Amino acid sequence: MNNSSVRLTFYGAASEVTGSKYLVESDKHKILVDCGLFQGRKDLRLLNWEPPKFNVRELDAILITHAHIDHTGYLPAVVKHGYRGPIYCTPATKELVEMMLLDSAHLQEEEALFANRHGSSKHHPAKPLYDTEDARKTIELLRTMERDKPNPVLEGVTVTPRCAGHILGATSLTLDIGGKRITFSGDIGRYDVPILPDPAPVEIGDLLLCESTYGGKLHSATDQLTELEAIVKTAITRGGPLLIPAFAVGRAQNLLYYLGQ
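Residues numbered from 1 in each chain as written. Predicted model: local features only at pLDDT ≥ 70, side-chain atom pairs only at ≥ 80, totals over all residues. Heavy atoms only, no water.

(A) Layout of the environment of Gln-108. Along the chain, Gln-108 turns up in helix 4 (residues 91–118). Sequence separation of Gln-108 and Ile-195 is 87 residues, and the distance between their C-alpha atoms is 31 Å. Ignoring sequence-local partners within four residues, the contact set of Gln-108 consists of Pro-128, Leu-129 and Tyr-130. Of note is the side chain of Gln-108, whose polar atom sits 3.3 Å from the side chain of Tyr-130. (Helix = DSSP H or I, 4+ residues; strand = E, 2+ residues; numbered from the N terminus. Contact = heavy atoms within 4.5 Å. Polar contact = N/O pair within 3.5 Å; in protein donor to acceptor, adjacent residues only side chain to side chain.)

Structural data, given as structure tokens:
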């Protein structure tokens, strides 16, 4: 957004699909949209250990599209580096974030303990990126905002969340700042998914940042319930186990719903 009153900088989820962080700066405010952990390849995961590339103490607010760790998992690290401002999200996202950040911290503490016991780390002693106390301090900063209405988050700054489907509480965020309107799609869900509402349309302002992880793929028209039923019955007929790899949030909920049906 050259020659504008607003500056946008990418600190993740550009050239890769994890570590979502977008810094929005106006003449008066600095806002971070999403604060995700880099996941996957080792070279990406090592980025989590580098000092933040922006001054966390200068941030006025953080906005969260949804609870997945690649959008929220770096929050305790930012708090550990001194951030003490508000973190805005929907009520459902707040509940999920509380569980997921405590779980993330616990897993990192366990990994550090394992590495120290077995001498499997280059660092002595091995330490977690952040711990449970950092996660609890982060949770204290969470604030809720309402969907489908402009929420004032700073003087002269509003954010309007719209349903994005994807997982419970997930939203697209329209940010009005410095006379500009920027929409962050967050991760976009599919239509006609059980449990979740369909993604809601958004008004295009000055700029739209759109998630495109699966933008080049077409979803099958196969009825998922029928397809899963056939797989389950095949496993039962063979007398063998059925192993279903599924992420803990979102897809596992759909699977439980379908199995219940």
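(B) Main features of the pairing of strand 7 (residues 151–154). Of the pairings in the sheet, the one linking strand 7 to strand 8 (residues 157–163) comprises three bridges and is antiparallel in character. Directly across from Pro-152, in strand 8, lies its bridge partner Thr-158. Where strand 7 folds back onto strand 8 in an antiparallel hairpin, the turn is made up of two residues, including Gly-156, whose phi is positive at roughly 80°. (Pairing = 2+ DSSP bridges.)

(C) A look at the packing of helix 6 (residues 224–238) against helix 7 (residues 251–260). Close contact between helix 6 and helix 7 brings their axes to 10 Å; oriented N to C, the two are set at 75°. As summarised for this structure, helix 6 and helix 7 are arranged roughly perpendicular, according to the angle between their axes. Contacts from Gln-224, Leu-225, Leu-228 and Val-232 in helix 6 reach Leu-255, Tyr-258 and Leu-259 in helix 7. (Axes fitted to C-alpha atoms, helices over the stretch in contact; angles between N-to-C directions. Parallel < 35°, antiparallel > 145°, perpendicular 65-115°, else oblique.)

(D) Expanded view of the sheet that holds strand 4 (residues 61–63). If you walk across this open sheet you meet the six strands as 1-2-3-4-5-6, and the pairing is mixed. Edge positions in the sheet fall to strand 1 (7–10) and strand 6 (142–144), since each has one partner strand and no second. The mean angle between the axes of side-by-side strands here comes to 25°, regardless of whether they run parallel or antiparallel. Pairing between strand 4 and strand 5 (residues 87–89): two bridges, direction parallel. In the sheet register, Ile-62 faces strand 5, and the bridge partner there is Ile-87. In the packing of helix 4 onto the sheet, the strands contacted are strand 5 and strand 6, and the crossing angle to strand 6 comes to about 155°.

(E) Spatial organisation of the state of the cysteines. Under the counting rule described, the total for this entry stands at zero disulfides. Left unpaired, Cys-89 is separated from the closest cysteine sulfur, that of Cys-35, by 13 Å. This cysteine, Cys-210, is not joined by any disulfide, and Cys-163 carries the nearest cysteine sulfur, 15 Å off. Exposure remark for Cys-210: the relative accessible area of 47% places this residue in the partly exposed category. (Disulfide = S-S within 2.5 Å. Buried < 20%, exposed > 50% of the residue type's maximum accessible area, 1.4 Å probe, protein only.)

In short, shape yes, function no, at least from these values alone.
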